[in-house]
Amino acid sequence: MSRNKKIMFLAMMVALDVVLSPLMRIEGMAPMSSTINVIAAMLMGPVYGVAMAFLTAILRMTLLAIPPLALTGAVFGALLAGIGARMTKNIYGAMIGEFIGTGLIGSLLSYPVMVWFTGTTTGLFWFVYTPRFCGGAIIGSTIAWLVWVKLKNVSTIQRIQKLFAPTKECPLCKKF
């Protein structure tokens, strides 16, 4: 039964991310995606956080015609935010992980992806996406912190965190 609950909550987070991302979108930045990544890291951890970011990126690319930058930014941010949250047991670890994953790693990996996607290097250089990705990660992480201050003491949120807590049966979860 708990697996069904996890998948249902994962689907709700994906839907929330797909709906909120275009609402507060600054050209080249997706701060709401970073917000959801940090909240998901705090609630679901790295494994489900990466699944959420990957599914959301695919849906955003398909439905909203977003370039593959949705994948490079979101997935690495979600992974490091989840690892940061699990290691530090607080939102600050998730925020730092989101900044490093999206702002630095995701932005640098976006260059070769966009060269492949567009077939040209004209107007592109390695750090072209870094200021926007870092800005989006900082804005999104700050919003997530403001939301988390209110959410962390809600009993339903605490139950969701316990649902996704690492267990003995999950060998991958024990590492993170």
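Residues numbered from 1 in each chain as written. Predicted model: local features only at pLDDT ≥ 70, side-chain atom pairs only at ≥ 80, totals over all residues. Heavy atoms only, no water.

## Some remarks on the packing of helix 2 (residues 31–63) against helix 4 (residues 91–118)
If you want to describe how two helices pack, look at the angle between their axes and the distance between the axes. Direction vectors running N to C along helix 2 and helix 4 enclose 135°, while the axes themselves pass 9 Å from each other. Here helix 2 lies oblique to helix 4, going by the angle between them. Crossing geometry of helix 2 relative to helix 4 is assigned as right-handed. Note on element contacts: helix 4 touches helix 2 through I91, A94, M95, E98 and T102, opposite S34, N37, V38, A41 and M42. Classifying every residue of the contact of helix 2 with helix 4 gives six nonpolar, three polar and one charged. (Axes fitted to C-alpha atoms, helices over the stretch in contact; angles between N-to-C directions. Helix = DSSP H or I, 4+ residues; strand = E, 2+ residues; numbered from the N terminus. Parallel < 35°, antiparallel > 145°, perpendicular 65-115°, else oblique. Left-handed = near helix turned anticlockwise from the far one by under 90°. Contact = heavy atoms within 4.5 Å. Nonpolar A, V, L, I, M, F, W, Y, C, P; charged D, E, K, R; others polar.)

## Here's the deal with the UniProt feature "transmembrane region" (unreviewed entry) in the protein chain
With numbering matched to this structure, UniProt assigns "transmembrane region" (unreviewed entry) to residues 6–24, 36–59, 65–84, 96–118 and 124–149. Secondary structure across residues 96–118 comprises 100% helix and 0% strand; the distance between its end C-alpha atoms is 31 Å. (UniProt positions renumbered as here; feature names shortened; annotations may be inferred.)

## Side note on the side chain of R86
Tracing the sequence through the fold places R86 in helix 3 (residues 69–88). A polar side-chain atom of R86 sits 2.7 Å from the main-chain carbonyl oxygen of F164. (Polar contact = N/O pair within 3.5 Å; in protein donor to acceptor, adjacent residues only side chain to side chain.)

## Here we look at helix 2
One turn of an α-helix holds 3.6 residues; hence residues three or four places apart share an orientation. Compared with an ideal rise of 1.5 Å per residue, which puts 33 residues at 48 Å, helix 2 spans 19 Å between its outermost C-alpha atoms and falls more than 12% short. Of all the bends in helix 2, the greatest, near 125°, is centred on G45, and the proline P46 appears no more than four residues after it. Positive phi shows up at A65, right after helix 2, with a value of about 55°. (Expected span 1.5 Å × (residues − 1). Bend = angle between axes of the 7 residues up to and from the residue.)

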